[in-house]
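Understanding the architecture of this molecule
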Amino acid sequence: MTLVVILGTALAALVAWAIGVLVRRERRRLGTSAEGHRIESAATRRIRDTRRYARVLHHIGGGAGIGRIDDRDM
């Protein structure tokens, strides 16, 4: 019985901690300025473009085929 209580308390503490972390992150995101939104948007776009470029390189067989990349693939 004591073990169940200890495990329940530990699980409740872990869930409370995780919720606290998420709430703090959300509060920080709400205060983002217009400049911050612009920077985040540009970074997200660059990450997406980098992934697309890597997928194209993988599709054509690695870095040796960089000259064969078509504009429509990017």
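The model shown is predicted, which means the values in this text are computed figures rather than measured ones.

Conventions and cut-offs
- Residues numbered from 1 in each chain as written.
- Predicted model: local features only at pLDDT ≥ 70, side-chain atom pairs only at ≥ 80, totals over all residues.
- Heavy atoms only, no water.
- Helix = DSSP H or I, 4+ residues; strand = E, 2+ residues; numbered from the N terminus.
- Buried < 20%, exposed > 50% of the residue type's maximum accessible area, 1.4 Å probe, protein only.
- Expected span 1.5 Å × (residues − 1).
- Salt bridge = Lys/Arg side-chain N within 4 Å of Asp/Glu carboxyl O.
- Polar contact = N/O pair within 3.5 Å; in protein donor to acceptor, adjacent residues only side chain to side chain.
- Patch = residues over 30% accessible without salt bridge, like charges linked within 9 Å, V, L, I, M, F, W, Y side chains within 5 Å.
- Areas by Shrake-Rupley, 256 points an atom, 1.4 Å probe, with all protein chains shown as cover.

A short note on the overall build of the chain
- On a plain count of helices and strands, the chain comes out with two helices and zero strands.
- Taken across its 74 residues, the chain has 9% of its residues classed as buried.

Some points on helix H2 (residues 34-60)
- Here H2 contains 27 residues, and its C-alpha end-to-end distance of 39 Å stays within 8% of the 39 Å for a straight helix at 1.5 Å per residue.
- Listed as buried for H2 are Ala42, Val56, Leu57 and Ile60.

Quick notes on the pattern of salt bridges
- In the structure shown here, the tally under the stated rule is two salt bridges.
- The residue Arg38 makes a salt bridge to Glu35 at a minimum N-O spacing of 2.6 Å. Highlighted residues: Arg38 and Glu35, both in helix H2, separated by three residues, approximately one helical turn.
- In this structure Arg38 comes out as partly exposed when scored by relative accessible area, which is 49%.
- With a relative accessible area of 41%, Glu35 lands in the partly exposed category.
- With a shortest N-O distance of 3.3 Å, Arg52 and Asp49 are connected by a salt bridge.

Quick word on the environment of Thr50
- By the element assignment, Thr50 lies in helix H2.
- For Thr50, a relative accessible area of 53% gives the class exposed.
- There is a polar contact of 2.8 Å between the side chain of Thr50 and the backbone oxygen of Arg46.

Considerations on a nonpolar patch on the surface
- A surface patch of nonpolar side chains, amounting to about 600 Å² of accessible area, comprises Leu11, Leu14, Val15, Trp17, Ile19 and Val23.
- Looking at the element boundaries, Leu11 is found in helix H1 (residues 2-30).
- In this structure Leu11 comes out as exposed when scored by relative accessible area, which is 53%.

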